[in-house]
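One-letter residues, chain by chain:
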Amino acid sequence: MSKEKFYITTPIYYPSDKLHIGHAYCTVCTDTMARYMRLRGYDVMFLTGTDEHGQKIEDKAREAGVSPKEFVDNIVEGPRGVKDLWKLMNISNDRFIRTTDDYHVSAIQKIFRKMYDNGDIYKGKYVGKYCKPCESFWTESQLVDGKCPDCGREVQDAEEEAYFFRLSKYADRIRDLLVNTDFLEPRSRVNEMVKNFIDPGLEDLCVSRTSFTWGIPVDFDPGHVVYVWIDALSNYITALGYMNDKYDDFEKFWPADVHFIGKEIVRFHSIIWPAMLMSLGLPLPKKVFGHGWLLMDGGKMSKSKGNVVDPYLLAERYGVDALRFFLLREFPFGSDGNFSNEALISRINTDLANSLGNLVSRTVSMVIKYFDGRLPESYDGVEAMDQELTSAAGALRGAYQEQMDAYAFQNALGEIFKVIGRANKFIDETEPWKLAKDESNRERLARVMYDLLETIRICAVLLQPVMPDSCGRIFTQIGAGDLTSWDSAASFGMLPLDTAVTKGEAIFPRIDMDRELEELEKLSAPTGPQVKVEPVLPDVTIDDFAKCDMRVCKILACENVKKSEKLLKFTLDDGSGTPRQILSGIAKFYKPDDLVGKTAVAILNLPPRKMMGLESNGMLLSAVREVDGKEELNLILLDDSVPAGARLC
Ligand code: ME8
């Protein structure tokens, strides 16, 4: 009988910066689901990859002085890049797609042409707003307070000839899909989509660009590149072989069982993606699940905020499995959660070191101490000592499955740790060290040990999708042999009575919280000064700019203003022949004598202003920024060869 299929995907990542723990979160969750379905016996296809086109990458590459392809190659394939990270995190993806792969590029051109040929893509003129960081087009009505509704940043005016996709045509079908089926989860995200995007009226989507080149060219209209989201979303089918010969798995695996994605890209996956598939005449994915964000101090992690957490650092320090476990156990999958080093260490100590690790090492040590490492072949009819424990362990697989099938990883792990907690309590209650003192209790003692080993085994079988390596080590220590399958966890008592254990190293060592927090702080402290970069202000016109009369001025004299700690009084040659007086609040940063004779820049046409009884006619220009929380300032000084009165433009 052929196995049932299961196709699961992560979003494909933008290789514009190194990935952070938030990216690892989604991939670890997807990996756990894929491993769980493999454990259940499914034929799994797990796809991940990178989304490599678009203006943002073109800009970043230019800044770095390399070609866009070189830029993304380094982040995807280079040391400590995306692929290295997934290897480190033990991600078991079956396929990795890069949207710069040739087969994907030509498939996108065919997909675009197919939608053009069937009338769903047409040529028009785009007039609207564009958010560069999100690479998203918006209409005026979609903006929130005039800003990008996704990221809250400033948007730009955009007008150009472009191709459009008839999204509006699919509005009713999409509404029906969202409202009347379980396509999108959690359900709260449905209301968001309907209220924000469908109710105001779905407008046709601009799906080509001409203002940059780093994208997949529209083959029948060179000069246009395909909108990056059309390119990116299609990865889920091109990676199976849709419209290409590279793979031949489309018939087998499409439609996807679930796309796991972050909440900010739900709009693309639950509105645009199904509409594209409808246009292509393809079946829709069975489910889209929009998970929450890992937050730092209540805000989203982002490189520009400087609050990203490095998964390499944590995995190398505490072990990949401990980090994977933390991500799944600590945060409910559908909601946001606050990341902190303290929560990570405390979770590792409580659940892994104290609870699971301790249970394994105590049990194995006792079997070695009391039975020389091997339990007897029979216990002379001694029944399980604790019905509550054995029935909880026997029923665990069912309870766990119910939660896993609902993507409730936190609860699924919660079920396992309830049983682990019960087993630790069982040791305290039965006090094996007392039973061991009396030879007549030998069978009862063996039964206690057996119940513990079997409980550990069942828990480890079910923990495998989350901590594959550590479970392998547990199996070795408790002598589980090949009893590690899904079927072997169906009921209590499959482990042979005369199981032999092997002492090994502690699987989850306890972490010294205070010392580690201090270390982590040091390790993640930025090297070099931290400069706070202010966001760019809204646009002004060139005419506005031209109204500012900025000139080169020679500093003829400079002195402190009496009774003022801040002000310096400058006498300047602005080229007009009449000396100009300007007061500037920079006394904290310069000694007057050091500035005399220097060449500075001033804006001259500001209205005169009185300070400390003296008139200031203009303002000297300085570069100001906040470094490590303190204001720093540099007066703008030019080469002395530039003459007084020269205008800045
Ligand atoms: O969105 N917490 O790529 P991306 C949780 N290329 N998840 C987070 C996160 C955080 N702090 N930060 C990012 C893209 N993510 C597109 C996808 S799919 C056809 C194209 C998640 O690299 C984010 O929610 O910006 C998203 O699901 C994923 O990382 C990739 O983000």
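All chains use their own residue numbering, which begins from 1 and follows the written sequence. Given that the model is predicted, a residue must reach a pLDDT of at least 70 before its local features are reported, and side-chain atom pairs must reach 80 or more before they are shown or counted; all residues, however, enter totals for whole chains, interfaces and linings. Just so you know, side-chain values use all the structure's heavy atoms and leave hydrogens and water out.

**Describing the overall build of the chain**
Piece 1. Helix numbers and strand numbers start at the N terminus; a helix is a DSSP run of H or I with at least 4 residues, a strand a run of E with at least 2. Scanning the chain from terminus to terminus reveals 22 helices and 26 strands.
Piece 2. Here the globule rule is a power law, 2.2 Å times the number of residues to the power 0.38, and the radius of gyration is based on C-alpha atoms. Against the 2.2 N^0.38 benchmark of 26 Å for 649 residues, the chain shows a C-alpha radius of gyration of 32 Å, more extended than a compact globule.
Piece 3. Each of the three principal axes of the chain carries a C-alpha extent, and together these read 115 × 70 × 40 Å.
Piece 4. By residue count, 52% of the 649 residues in the chain fall in the buried class.
Piece 5. When the accessible surface of the chain is totalled, it reaches about 29,700 Å², and 49% of it is carbon and sulfur. Relative accessibility under 20% of the residue-type maximum defines a buried residue, over 50% an exposed one, and the middle range a partly exposed one, all with a 1.4 Å probe and only protein chains included. To be clear on the numbers: accessible area is Shrake-Rupley with a 1.4 Å probe, and residue cover counts the displayed protein chains and nothing else.

**Observations concerning unusual backbone geometry**
Piece 1. With omega at -10°, the peptide bond leading from Glu185 into Pro186 counts as cis.
Piece 2. Its place among the elements puts Pro186 in the loop between strand S7 (184–185) and helix H7 (188–198).
Piece 3. Geometrically, the link from Trp254 to Pro255 is a cis peptide bond, its omega value of 5° lying close to zero.
Piece 4. Along the chain, the position of Pro255 falls in the loop between helix H10 (250–253) and strand S11 (258–262).
Piece 5. Here Asn90, not a glycine, exhibits a phi torsion of approximately 60°, which is positive.
Piece 6. Relative to the helices and strands, Asn90 is located in the loop between helix H4 (82–88) and strand S3 (95–98).
Piece 7. You can call Asn90 partly exposed: its relative accessible area is 22%.
Piece 8. With a phi angle near 65°, Lys563 is a residue other than glycine that sits in the positive phi range.

**Re the sheet that holds strand S1 (residues 5–9)**
Piece 1. Spatial ordering of the open sheet is given by S3-S2-S1-S11-S12-S7, a layout of six strands whose pairing is parallel. Each edge of the open sheet carries a strand with a single partner, namely S3 and S7.
Piece 2. DSSP calls a pair of strands paired once it identifies at least 2 bridges connecting them. When S1 meets S11, the two strands line up parallel, connected through two bridges. Paired with Thr9 across the bridge in S11 is His259.
Piece 3. Should any heavy atoms of two residues lie within 4.5 Å, those residues are considered in contact. Only the contacting stretch of a helix is used when fitting its axis, a line to C-alpha atoms as for every element, and angles between N-to-C directions run 0 to 180 degrees. Along the sheet, helix H3 (residues 68–77) makes contact with strand S2 (43–50) and S3, crossing S3 at roughly 160°.

**Some details on the domain arrangement of the chain**
Piece 1. For the domains described, the bounds stem from an automatic or database domain assignment. Along its sequence, the chain is organised into domain 1 (5–103 + 232–300), domain 2 (119–225), domain 3 (342–489) and domain 4 (542–638).
Piece 2. Here the C-alpha centroids of domain 1 and domain 2 sit 20 Å apart.
Piece 3. Contact with domain 1, which involves 36 residues of that partner, is made by 31 residues of domain 2.
Piece 4. Once two parts are put together, the accessible area they lose, assessed with a 1.4 Å probe and summed over both, is termed the buried area. Buried area between domain 1 and domain 2, both sides added, is near 2,900 Å², and the carbon and sulfur share of it is 64%.
Piece 5. Salt bridge criterion: a side-chain nitrogen from Lys or Arg within 4 Å of a carboxyl oxygen from Asp or Glu. Put simply, domain 1 and domain 2 have two salt bridges between them.
Piece 6. We note a salt bridge from Asp59 to Lys132, for which the minimum N-O separation is 2.9 Å.
Piece 7. In protein, a polar contact means a hydrogen-donor-capable atom and an acceptor-capable atom, both N or O and within 3.5 Å, with residues adjacent in sequence counting only if both atoms are side-chain atoms; elsewhere, any N or O pair within 3.5 Å suffices. At the boundary of domain 1 with domain 2, the tally comes to 13 residue pairs in polar contact (both at pLDDT 80 or more).
Piece 8. Taken together, the elements giving at least two residues each to the side of domain 1 that touches domain 2 come down to helix H2 (55–64), H3, helix H11 (266–280) and strand S12 (288–291).

**Description of the pattern of salt bridges**
Piece 1. According to the stated counting rule, one finds 51 salt bridges in the structure shown.
Piece 2. Among the ionic pairs, Lys60 bridges to Asp17, the shortest N-O distance being 3.1 Å. Within this pair, whereas Lys60 is found in helix H2, its partner Asp17 is found in the loop between S1 and helix H1 (21–39), the two being separated by 43 residues in sequence.
Piece 3. The partner of Glu185 in a salt bridge is Lys287, and the shortest N-O contact between them spans 2.8 Å. Of this pair, Glu185 sits in strand S7 while Lys287 is found in the loop between H11 and S12, placing the two residues 102 residues apart along the sequence.
Piece 4. Overall, the relative accessible area of 23% leaves Glu185 in the partly exposed class.
Piece 5. Through salt bridges with shared partners, a single ionic network connects Glu52, Lys69, Asp73, Glu77, Lys83 and Arg98.

**Some remarks on the pairing of strand S19 (residues 580–584)**
Piece 1. Within S19, four of the five residues are buried, leaving the element largely enclosed by the surrounding structure.
Piece 2. Bridge count for strand S18 (residues 568–573) against S19 is five bridges, and the pairing is antiparallel. Looking across to S19, one finds that Thr571 is bridged to Gln581.
Piece 3. What sits between S18 and S19 in their antiparallel hairpin is a turn of six residues, with Gly575 showing a positive phi close to 95°.

**Considering helix H19 (residues 468–478)**
Piece 1. Regarding H19, the residues found buried are Pro468, Ser470, Cys471, Ile474, Phe475, Gln477 and Ile478.
Piece 2. Looking at the buried positions of H19, the neighbouring elements they touch are H1, helix H13 (320–330), helix H14 (341–371) and helix H18 (442–463).
Piece 3. Backbone geometry just after H19 places Gly479 at a positive phi near 70°.

**Comments concerning the site of the ligand**
Piece 1. We call a residue near a molecule or strand whenever a single non-hydrogen atom of that residue lies within 4 Å of it. Ile12, Asp51, Gly262, Glu264 and Leu294 are the nearest of the 23 residues found near the ligand.
Piece 2. One nitrogen or oxygen atom from the main chain of Ile12 is found 2.7 Å from a nitrogen atom belonging to the ligand.
Piece 3. Separating an oxygen atom of the ligand from a backbone N or O atom of Tyr14 is a distance of 3.0 Å.
Piece 4. For the ligand, whose unbound accessible area comes to 660 Å², protein coverage reaches 95%.

**Quick word on the sheet that holds strand S6 (residues 156–165)**
Strand pairing in a sheet relies on backbone hydrogen bonds. The paired strands run either parallel or antiparallel.
Piece 1. Strand order in the open sheet made by the four strands is S5-S4-S6-S8, with antiparallel pairing throughout. Each edge of the sheet is formed by a strand with only one pairing partner; in this case those strands are strand S5 (136–138) and strand S8 (205–206).
Piece 2. Relative to S5, strand S4 (residues 121–131) is paired through three bridges, and the arrangement is antiparallel. The residue of S5 that forms the bridge with Tyr130 is Phe137.

**Notes on the packing of H18 against H19**
Piece 1. At their nearest, the axes of H18 and H19 sit 9 Å apart, and the two run at 160° to each other. Looking at the two axes, H18 sits roughly antiparallel to H19. Our pair here, H18 against H19, has a crossing hand that is left-handed. Contact residues: Leu453, Ile456, Arg457, Ala460, Val461 and Leu463 in H18; Cys471, Ile474, Phe475 and Ile478 in H19.
Piece 2. Any residue that is not Ala, Val, Leu, Ile, Met, Phe, Trp, Tyr, Cys, Pro, Asp, Glu, Lys or Arg is counted as polar, Gly included; the first ten are nonpolar and the last four charged. Among the residues making up the contact of H18 with H19, the classes are represented as nine nonpolar, no polar and one charged. Roughly parallel means an angle under 35 degrees; roughly antiparallel means over 145; roughly perpendicular covers 65 to 115; every other angle is labelled oblique. In this scheme the crossing of two helices becomes right-handed for a clockwise turn of the near helix relative to the far one and left-handed for an anticlockwise turn of less than a right angle.

**A word on the packing of aromatic side chains**
Piece 1. Stacked, tilted and edge-to-face are the three classes applied to pairs of Phe, Tyr and Trp rings, where Trp contributes its six-membered ring and a pair requires centres within 6.5 Å; stacked means planes under 30 degrees apart, edge-to-face means over 60, and tilted covers the rest. This structure, assessed with the given rule, holds 34 aromatic pairs.
Piece 2. A centroid spacing of 5.1 Å and a plane angle of 75° characterise the contact between Phe333 and Phe409, whose relative ring orientation is edge-to-face. Highlighted residues: Phe333 in the loop between H13 and strand S15 (337–338) and Phe409 in helix H16 (residues 409–430), separated in sequence by 76 residues.
Piece 3. Whether a charge sits over a ring comes down to the Lys NZ or Arg CZ being within 6 Å of the ring centre and within 35 degrees of the ring normal. Sitting above the plane of the Tyr312 ring, Arg80 keeps its charged end 4.4 Å from the centroid.
Piece 4. For Arg209, the ring lying beneath its charged end belongs to Tyr130, and the centroid distance is 4.2 Å.

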